[in-house]
2 protein chains.
Amino acid sequence: MTQIAVLGYGTVGSGVVEVLKTNHESISKKAGQEINIKYVLDLRDFPEDPIQEKIVHDYNIILNDPEVKVVVEVMGGVEPAYTFSKQALLAGKSVCTSNKELVARHGTELLKLAKERNLNYLFEASCGGGIPIIRPLNSSLTADEIDEITGILNGTTNYILTKMIQEGSDFDDVLKQAQALGYAERNPEADVEGYDACRKIAILSSLAFDKQVDYQDIYTEGITKITTADIRYAKALGMTIKLLAYSRKLEGHYFAMVAPFLLGPNDPLYSVNGVFNAIFVHGNVLGDAMFYGSGAGKFPTASAVVADVVDEVMHQGETIPVYWGEEKLTLDDLNDSRRRFLVRVKGDAASDLAAVEAVFGHVDPVSVPELTGEFAFVTGVISEAEYKEKAEKLGTVISRIRVRHLHA
Amino acid sequence: MTQIAVLGYGTVGSGVVEVLKTNHESISKKAGQEINIKYVLDLRDFPEDPIQEKIVHDYNIILNDPEVKVVVEVMGGVEPAYTFSKQALLAGKSVCTSNKELVARHGTELLKLAKERNLNYLFEASCGGGIPIIRPLNSSLTADEIDEITGILNGTTNYILTKMIQEGSDFDDVLKQAQALGYAERNPEADVEGYDACRKIAILSSLAFDKQVDYQDIYTEGITKITTADIRYAKALGMTIKLLAYSRKLEGHYFAMVAPFLLGPNDPLYSVNGVFNAIFVHGNVLGDAMFYGSGAGKFPTASAVVADVVDEVMHQGETIPVYWGEEKLTLDDLNDSRRRFLVRVKGDAASDLAAVEAVFGHVDPVSVPELTGEFAFVTGVISEAEYKEKAEKLGTVISRIRVRHLHA
């Protein structure tokens with residue numbers, strides 16, 4: 001039997017406790033032994049809950065108990081989660097976590113610490129909730145050099161965009177709905193500004209490219225500026241709009257970005273709707289693959305955390321390989337990254353197309369009956385720098401949305 | 001350095017050789033050592049190909065060479081692949097394979113043999129080509145009890161159905177096109193009759209339920225009877241038709257089947273088109289997940305095979321857990337499985353609906369302008385037995401297609 005401790009009895013923590021109970025038999029079989037929760041650390045008491053007998057308020061009780069081999073950190077936030085995780089590893093305990101903020105910020109250090117001590121630091125639940133993606137990257141795609149990861153990594157923004165597209169509603173209205181339903185936080189900034197997706201793509205990129213990708217280096221643009229007018233154009237083009245987090249290796253150059261993108265119906269990410277997440281991976285021999293599922297929620301997230309617990313229980317005294325090099329990856333200047341853009345401009349297609357084509361070359365104008373005094377077009381494949389230069393030169397641009405480029 | 005041997009220099013075998021060469025550096029890093037192909041077994045010679053120096057025609061050379069630690073069986077077919085795999089394991093060599101026929105037929109025995117000798121028998125490429133699905137089932141979804149696997153597991157039939165739906169073409173015409181493009185074999189029976197998908201779902205079910213599922217026990221219906229008329233009704237309902245291979249655990253009962261199904265747009269499998277494959281998995285805590293990618297092809301398949309090679313090189317002397325119990329799983333009588341059916345009947349909705357409703361209860365008739373003298377309807381949720389009884393009683397049924405039931 002292996003004793004474990006859970007740090008935090010919130011949504012995920014209580015989910016972990018419940019999953020270990022519900023599937024006790026099958027989990028014990030797979031782990032090769034019983035797994036017992038000895039302690040649950042929380043500031044609060046839960047007098048009505050049988051968990052109360054395991055509740056401790058002092059982390060030292062867990063740290064100083066040599067029976068505890070695995071610490072499940074599901075507190076969220078950087079501190080005290082970071083200090084607690086480090087202390088656990090220094091005390092010879094493996095750690096698993098759902099904490100993307102902490103992994104994005106201190107993953108390199110905590111992985112190193114674990115490896116030096118023949119321990120494990122696992123974080124399957126930090127990206128894509130219940131979707132198995134970290135483990136497949138580490139242990140399934142070993143024959144491949146991964147050259148692209150593109151994810152719909154935030155359920156809140158995907159829910160909002162899906163509703164905006166399906167119902168033609170405004171961002172603000174849908175956000176309020178999402179908050180009422182519990183799909184968005186009262187302070188939605190981390191989601192709608194793309195910060196959450198940014199941390200997740202930093203983690204996935206570190207694994208894909210076996211280097212340390214700093215989330216602060218990733219250009220991040222949220223969905224707050226997407227309007228119903230943008231959506232009308234997307235529909236006119238038979239496309240949809242998704243908040244994508246991507247990183248890409250191209251001829252030795254690395255690019256990463258979080259931003260809203262237009263996607264066509266042939267894109268596997270096109271039909272990932274509502275609160276679902278999906279991660280598209282392109283390997284140099286595998287080609288396209290996609291992993292789809294619930295990106296958040298108590299039980300999907302707990303499923304991923306408990307899978308890490310099982311792995312850590314099975315691999316005591318042995319570090320499971322994680323390919324996340326210590327060397328920092330220098331991302332290339334985004335100005336050099338190339339794609340098409342949907343550009344909305346003031347004017348009228350009949351009279352103002354010539355001015356547009358004088359700058360952007362031949363384009364097909366797109367008009368939407370409801371939107372007068374403007375039209376739109378999709379550019380050829382140009383760099384971000386070229387786009388900026390041309391947009392400035394034209395002087396009539398209302399907005400632009402990037403178009404996702406599919407592998408040939 | 002670990003020496004390996006490849007059995008069969010056909011499409012997959014030459015792909016394996018090429019992948020090990022192309023990604024030599026990253027693969028060596030992940031395996032923790034160099035991997036060298038010492039022999040390639042083939043009946044033929046390849047005088048123009050540098051592989052010639054490794055070609056052997058006598059399997060005993062490989063068997064008797066103690067340096068060879070991993071045998072890659074990519075010959076296809078049951079014999080001599082079965083005998084060769086068994087001999088390799090008996091000689092202390094791990095085996096990996098892309099051979100679904102062999103795994104479906106003798107997986108239980110070969111896995112047992114490997115385990116008894118601290119060896120590995122891995123088969124990631126046998127289902128879903130390059131899609132990581134076997135390894136996630138074994139090592140990612142360990143917290144879950146899996147209660148459903150539903151796959152689009154055959155690229156040929158998915159290509160044919162996609163073309164029939166997108167272009168309104170006949171089965172025979174699209175099959176000829178697919179054969180011309182190399183997407184279908186000259187003898188397409190194994191694909192279009194569902195036998196290939198049947199073997200794959202038997203393998204996946206054995207892993208999901210940790211028991212031995214015999215592919216002969218799985219009811220299998222191909223796509224040869226799907227007509228353009230069926231497709232017109234599917235479109236009228238806003239649905240599509242896919243060849244699904246599924247298995248399901250429901251209140252202690254197990255059902256499995258391969259058959260064409262109607263799917264709605266909210267189904268994650270709805271937009272899996274062309275030669276792509278996808279595997280939908282439902283776990284009791286995870287909820288819905290889906291794995292998508294190239295289900296066949298030289299390089300995607302080789303990617304999966306080489307991932308197995310890496311695992312076997314890394315785990316010499318240690319069996320990686322595979323949950324495929326020796327106990328035979330008894331599937332329940334399909335007559336008890338319940339779902340909706342799309343039923344096409346002779347007659348006219350205006351005058352013959354009453355007769356239908358007398359047998360099937362209230363239904364909404366569906367008519368398609370191009371199809372006169374018939375109409376269709378979707379039944380309530382009834383068992384296969386009830387459907388048969390009612391269809392016989394009505395006496396005017398032209399055909400029926402099952403409707404996929406989504407988890408609530």
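Computed from a predicted model, the values in this text were never measured in an experiment. (Residues numbered from 1 in each chain as written. Chains lettered and ligands numbered in written order. Predicted model: local features only at pLDDT ≥ 70, side-chain atom pairs only at ≥ 80, totals over all residues. Heavy atoms only, no water.)

Asker: Looking at this structure, I do not really get the packing of aromatic side chains. What am I missing?
Answerer: We describe a pair of aromatic rings using the distance from one ring centre to the other and the angle between the two ring planes. Residues and elements named next belong to chain B. Tallying each qualifying case throughout the model produces 23 aromatic pairs over all chains. Look at phenylalanine 341 and tyrosine 387: their rings are 4.6 Å apart centre to centre, the planes differ by 20 degrees, and that puts the pair in the stacked class. Of this pair, phenylalanine 341 sits in strand 13 (residues 338-346) while tyrosine 387 sits in helix 14 (residues 384-394), placing them 46 residues apart in sequence. Like tyrosine 387, phenylalanine 341 is buried. When the ring of phenylalanine 360 is compared with that of tyrosine 387, the centres are 6.3 Å apart and the planes differ by 40 degrees; the resulting orientation is tilted. (Phe/Tyr/Trp six-rings, centres within 6.5 Å; stacked < 30°, edge-to-face > 60°. Helix = DSSP H or I, 4+ residues; strand = E, 2+ residues; numbered from the N terminus. Buried < 20%, exposed > 50% of the residue type's maximum accessible area, 1.4 Å probe, protein only.)

Asker: Would you explain a nonpolar patch on the surface in this entry?
Answerer: Residues and elements named next belong to chain A. Residues Leu181, Tyr183 and Val275 make up a contiguous nonpolar surface patch of about 270 Å² in total accessible area. Assignment of secondary structure puts tyrosine 183 in the loop between helix 8 (171-180) and helix 9 (189-192). The class of tyrosine 183 is partly exposed, set by a relative accessible area of 39%. (Patch = residues over 30% accessible without salt bridge, like charges linked within 9 Å, V, L, I, M, F, W, Y side chains within 5 Å. Areas by Shrake-Rupley, 256 points an atom, 1.4 Å probe, with all protein chains shown as cover. Salt bridge = Lys/Arg side-chain N within 4 Å of Asp/Glu carboxyl O.)

Asker: Would you mind showing me how to read the side chain of A:Asp65 here?
Answerer: Residue and element names in this part refer to chain A. By secondary structure assignment, the location of aspartate 65 is in the loop between helix 3 (59-63) and strand 4 (68-73). A distance of 2.5 Å separates polar atoms of two side chains, one belonging to aspartate 65 and the other to tyrosine 39. Apart from the residues lying within four places of it in its own chain, the contact partners of aspartate 65 are Lys38, Tyr39 and Lys93. (Polar contact = N/O pair within 3.5 Å; in protein donor to acceptor, adjacent residues only side chain to side chain. Contact = heavy atoms within 4.5 Å.)

Asker: I'm lost on the relation of the copies chain A and chain B in this one. Help?
Answerer: Each copy of the chain is related to the other by a rotation around an axis and a translation along that axis. In screw terms, the move from chain A to chain B is a rotation of 180 degrees and a rise of 0.0 Å along the axis, fitting with an RMSD of 0.0 Å. Such a turn and shift between the copies fits a two-fold axis. Considering only C-alpha atoms, the residue of chain A closest to the rotation axis is A:Phe291, which sits at 2.4 Å. Take the interface residues of chain A: 100% of them recur as interface residues in chain B, which is what a same-surface contact looks like. (Least-squares fit on C-alpha atoms with pLDDT ≥ 70 in both.)

Asker: What is the right way to look at the packing of helix 7 (residues 155-167) of chain B against helix 8 (residues 171-180) of chain B in this model?
Answerer: All names here are of chain B. The interhelical angle for the contact between helix 7 and helix 8, taken along N-to-C directions, is 125 degrees, at an axis separation of 9 Å. Regarding the angle of helix 7 to helix 8, the classification is oblique. Our pair here, helix 7 against helix 8, has a crossing hand that is right-handed. The residues of helix 8 that touch helix 7, namely those facing Tyr159, Ile160, Lys163, Met164 and Glu167, are Phe171, Val174, Leu175, Gln177 and Ala178. (Axes fitted to C-alpha atoms, helices over the stretch in contact; angles between N-to-C directions. Parallel < 35°, antiparallel > 145°, perpendicular 65-115°, else oblique. Left-handed = near helix turned anticlockwise from the far one by under 90°.)

Asker: Whenever I open this one, the nonpolar core confuses me. Can you help?
Answerer: Across soluble globular proteins, nonpolar side chains show a tendency to be buried alongside one another. In this structure, A:Ile62, A:Ile160, B:Ile62 and B:Ile160 are the most contacted members of the largest nonpolar core, which totals 176 residues. For B:Ile62, the contacting residues outside a window of four places in its chain are B:Ala5, B:Leu7, B:Tyr39, B:Leu41, B:Val56, B:Val68, B:Val71 and B:Lys93. (Core = buried A, V, L, I, M, F, W, Y, C linked by side-chain atoms within 4.5 Å.)

Asker: What's the story with the pattern of salt bridges in this structure? I'm lost.
Answerer: Where charged atoms of side chains with opposite charge meet at close range, the side chains can pair. Residues and elements named next belong to chain A. Using the criterion set out here, one finds 58 salt bridges over all chains in the structure. Of the charged contacts in the structure, one is a salt bridge between lysine 86 and glutamate 109, with a shortest N-O distance of 2.9 Å. Here the residue lysine 86 occupies a position in helix 4 (residues 81-90), and glutamate 109 occupies one in helix 5 (residues 100-116), the gap between them amounting to 23 residues. A residue is classified by how much of its surface remains accessible, and lysine 86, at 26% relative accessible area, is partly exposed. For the salt bridge of glutamate 327 with lysine 211, the shortest nitrogen-to-oxygen distance reads 3.8 Å.

Asker: I keep staring at the UniProt feature "binding site: L-homoserine" (unreviewed entry) in chain A and nothing clicks. Help me out?
Answerer: All names here are of chain A. UniProt's feature table lists "binding site: L-homoserine" (unreviewed entry) at Glu185, given in the numbering used throughout. The residue glutamate 185 is located in the loop between helix 8 and helix 9 in this model. Not counting the four nearest positions on each side in its chain, glutamate 185 is found in contact with Gln179 and Asp191. (UniProt positions renumbered as here; feature names shortened; annotations may be inferred.)

Asker: Help me understand helix 11 (residues 228-236) of chain B in this model?
Answerer: Since there are 3.6 residues in each turn of an α-helix, residues three or four apart along the chain are aligned in direction. Regarding helix 11 of chain B, the residues found buried are B:Ala229, B:Asp230, B:Ile231, B:Tyr233 and B:Ala234. Positioned one or two residues after helix 11 of chain B, B:Gly238 has a phi angle of 70 degrees, which is positive.

Asker: In this structure, what is going on with the UniProt feature "domain: Aspartate/homoserine dehydrogenase NAD-binding" (unreviewed entry) in chain A? I would like to understand it.
Answerer: Mapped onto the present numbering, the UniProt feature "domain: Aspartate/homoserine dehydrogenase NAD-binding" (unreviewed entry) falls on residues 8-124 of chain A. Each end of residues 8-124 of chain A is marked by a C-alpha atom, and these two atoms are 18 Å apart; helix forms 44% of the span and strand 18%.

Asker: Would you take a moment to explain the sheet that holds strand 2 (residues 35-41) of chain A for this structure?
Answerer: Whether parallel or antiparallel, the strands of a sheet pair through hydrogen bonds between backbone atoms. Residues and elements named next belong to chain A. Read from one edge of the open sheet, six strands run 3-2-1-4-5-6, paired in parallel fashion. Across the chains shown, the open sheet's two edge strands, defined by having one partner strand only, are strand 3 (55-56) and strand 6 (121-122). Here strand 5 (residues 94-97) runs beside strand 6; their pairing, made up of two bridges, is parallel. Note that in strand 6 the partner of valine 95 across the bridge is tyrosine 121. Sheet contacts for helix 4: strand 1 (2-7), strand 2, strand 4 and strand 5; angle to strand 5, the most-contacted strand, approximately 150 degrees. (Pairing = 2+ DSSP bridges.)

Asker: What is the right way to read the environment of A:Ala190 from this model?
Answerer: Residues and elements named next belong to chain A. Within the secondary structure, alanine 190 sits in helix 9. Among the residues examined, alanine 190 registers a relative accessible area of 39% and is labelled partly exposed. Discounting residues that sit within four places of it in the chain, alanine 190 has contacts with Tyr195 and Asp196.

Asker: I would appreciate a short explanation of the interface of chain A and chain B in the present structure.
Answerer: Interfaces are often described in size by the accessible area the parts lose on coming together. Each partner contributes to the interface: chain A provides 43 residues, whereas chain B provides 43 residues. When chain A packs against chain B, the two sides together hide about 3,800 Å² of surface, and 55% of this comes from carbon and sulfur. Its salt-bridge partner being A:Lys29, residue B:Asp210 comes within 2.4 Å of it at the nearest N-O pair. If you list the elements that add at least two residues to the side of chain A that touches chain B, you get helix 1 (11-22), helix 2 (24-31), helix 6 (134-140), strand 12 (287-294) and helix 12 (298-314) of chain A. Tallied by class, residues from the side of chain A that touches chain B come to 23 nonpolar, twelve polar and eight charged. Note that strand 12 of chain A and strand 12 (residues 287-294) of chain B share five bridges and pair antiparallel. By the bridge assignment for strand 12 of chain B, A:Phe291 is matched with B:Phe291. (Buried area = accessible area lost by both parts, 1.4 Å probe. Nonpolar A, V, L, I, M, F, W, Y, C, P; charged D, E, K, R; others polar.)

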